[in-house]
Structure formats: structure tokens, C-alpha cells
Amino acid sequence: MSLFLKIFLWFWLAMALIVGAVLLVNWSTRTEPFERQWQSFVGERITVNSQTAVQIYENEGIDGLEEYFDRIKNLRRINSIGFFDQKRKLIAGNLRYADITELFDRTASSDGVEFVRLPDRTYGAKKVVLLNGETYIYVLELRRFRPPPVNLDRILLPAFVVILMAGLVCYALA
């Protein structure tokens, strides 16, 4: 094997390792995993929807609240909605809460949005307080979040192009 070929291959291998290391570091040090981003986004929606539900309940009563729930139930990923009093009595909506007792306990003692993950669905809940001081719990049953699948075509093609370009640079250096 000629000296030119040895130098070329070592340069190219070094560049490929650097590209691989950069991709690995980029992948492993994401600022937030997908699920945390999803919970943050959904938490904001639950906060907004719960405040809207409180205003509608105070102004229009249960009928207005049921109408509001019918409108937002048609949104993607929402299976059911519930608006509960402190005794866990369903005021409006169609949510059943047999398996989310823990969620009620955590939500009652928290001011933020709480989540419970089950194998096939996720529940998000927020405690809301009316102007007269009454406390209610707004709960959404959501379809289970699944991170987007890894698309190898979107990763392999750019990596191949970078390694090919590194090969051309290595050829010129050698």
C-alpha cells in the first residue's frame, strides 16, 4: 500500500470519527427530551383550557361548560375531559377516574399541572379556583404520547454526504 493511500485513509478515518463524535454529542445532549417538551406544551394548554372552563362555569353554568367540552373534545389526542369538585364528584364532562386517584391527590396539593402515565393513555390535571374560593380539578385524558420515530433516511444521507466531503478534503490533504 502506498504512503499516499495510507495517509489518505488515516485522514478520512479521523474525519469520520470526528463527524460521528459530533453527531453522538449532539444527540446525547439535547436540551429536553421529547416527552418533557410534550408535557410542557400540553401543560400550557391544560392551564389555558382550565382557566377558560372556570370562566365559562362561573358565567354560563354546567350547560355552557358541557358545550365548551364538546368543542374541545374534537381536538386531536383528547379522549375525554372531566371537571370535578373537591369530593371528586364529576361536575361536567365524560371522564371516569377509577385509576387516577393518585393524580387527584397530587393535583389537590399542587398549583401546577400534574401528569399520570398509564400504558395506553396519559392524564393531565390542574387545580382551579373560582372567584368565590371553591376549588375544582380539571382533568384531560390524552392518548399516549409516542416520540416521533427515528427516520434513518434523514440521518444517513447527510452523514454520508459529510463523510464523502471529508474524503475529498482528505484526498487533497494527502
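An account of the accompanying structure is given in this report.

Quick notes on the rules
- Starting afresh in each chain, residues are numbered from 1 along the sequence in its written order.
- Reporting of local features is limited, given that this is a predicted model, to residues whose pLDDT is at least 70; pairs of side-chain atoms are given and counted only at 80 or more, and all residues count toward the totals for whole chains, interfaces and linings.
- Note that the side-chain values use all heavy atoms of the structure and ignore hydrogens as well as water.
- In this text, helices come from DSSP runs of H or I with a minimum length of four residues, and strands from runs of E with a minimum of two, each type numbered from the N-terminal end.
- Each residue gets one of three labels from its accessible area relative to the maximum for its type: buried under 20%, exposed over 50%, partly exposed in between, using a 1.4 Å probe on protein chains only.
- Contacts: residue pairs with any heavy atoms within 4.5 Å of one another.
- Shrake-Rupley sampling with a 1.4 Å probe provides the accessible areas, and residues are treated as covered by the protein chains on show and by no other component.
- Pairing of aromatic rings covers Phe, Tyr and the six-membered ring of Trp, with a centre-to-centre limit of 6.5 Å; geometry is then stacked below 30 degrees between planes, edge-to-face above 60, and tilted otherwise.
- When DSSP finds two or more bridges between two strands, those strands count as paired.
- To be clear, the arc concerns the directions from the helix axis to the C-beta atoms.
- The axes are straight lines fitted to the C-alpha atoms, using for helices just the contacting stretch, and the angles between their N-to-C directions are given from 0 to 180°.
- Any Lys or Arg side-chain nitrogen located within 4 Å of an Asp or Glu carboxyl oxygen qualifies as a salt bridge.

A few points about the overall build of the protein chain
Across its full length, the protein chain holds four helices and five strands. Counting from the amino terminus, helix and strand elements in the protein chain follow one another as α-α-β-β-α-β-β-β-α. A burial count over the protein chain gives 34% of its 174 residues as buried. Long-range contacts, defined here as pairs at least 24 residues apart, represent 52% of the contacts in the protein chain between residues at least 6 apart. Accessible surface, the protein chain: about 11,500 Å² in total, of which carbon and sulfur atoms supply 60%.

Some thoughts on the packing of aromatic side chains
Following the criterion strictly, the structure yields ten aromatic pairs and no others. A centroid spacing of 5.0 Å and a plane angle of 90 degrees characterise the contact between F84 and F104, whose relative ring orientation is edge-to-face. With a gap of 20 residues between them, F84 in strand β1 (residues 78–85) and F104 in helix α3 (residues 101–108) connect regions that are remote in the sequence. Neither residue differs from the other here; F84 and F104 are each classed as buried. Among the aromatic residues, those joined into a cluster by ring pairs are F4, F8, W12 and Y171.

Section: the pairing of β1
β1 sits mainly inside the fold: seven of its eight residues count as buried. With seven bridges joining them, β1 and strand β5 (residues 135–143) adopt antiparallel strand pairing. Counterpart to I81 in the pairing with β5 is L140. By the bridge criterion, three bridges tie β1 to strand β2 (residues 90–93) in an arrangement that is antiparallel. The residue bridging F83 from the neighbouring strand is A92, located in β2. Counting the residues in the hairpin turn of β1 and β2 gives four residues, including R88, whose phi is positive at 65 degrees.

A few points about α3
Considered for burial, the residues of α3 that qualify are L103, F104 and T107. For α3, the angular spread of the buried residues around the axis is 100 degrees, confining them to a single face. Those residues of α3 hidden inside the fold are in contact with β1, β3 (113–117), β4 (121–129) and β5.

Observations concerning the sheet that holds β3
Read from one edge to the other, the open sheet built from five strands follows the order β2-β1-β5-β4-β3, with strand pairing classed as antiparallel. The open sheet has two free edges, formed respectively by β2 and β3, since each of these has just one partner strand. Strand-to-strand, the axes of this sheet are offset by a mean angle of 20 degrees, without reference to chain direction. Of the strand pairs in this sheet, β4 and β5 are connected by nine bridges, and their pairing is antiparallel. The residue of β5 that forms the bridge with A125 is V139. Sheet contacts for α3: β1, β3, β4 and β5; angle to β3, the most-contacted strand, approximately 165 degrees.

Notes on the pattern of salt bridges
Pairing between side chains becomes possible if they bear opposite charge and their charged atoms approach one another. Within this structure, the stated rule accounts for five salt bridges. Note that D105 and R88 form a salt bridge whose closest N and O atoms lie 2.3 Å from each other. A residue pair is termed long-range when its members are at least 10 positions apart, and D105 in helix α3 and R88 in the loop between β1 and β2 qualify at 17 residues. The shortest N-O distance in the salt bridge between K127 and D111 comes to 3.6 Å.

Re unusual backbone geometry
Positive phi outside glycine occurs at R88, with the angle close to 65 degrees. Residue classification places R88 among the partly exposed residues on the basis of a relative accessible area of 24%.

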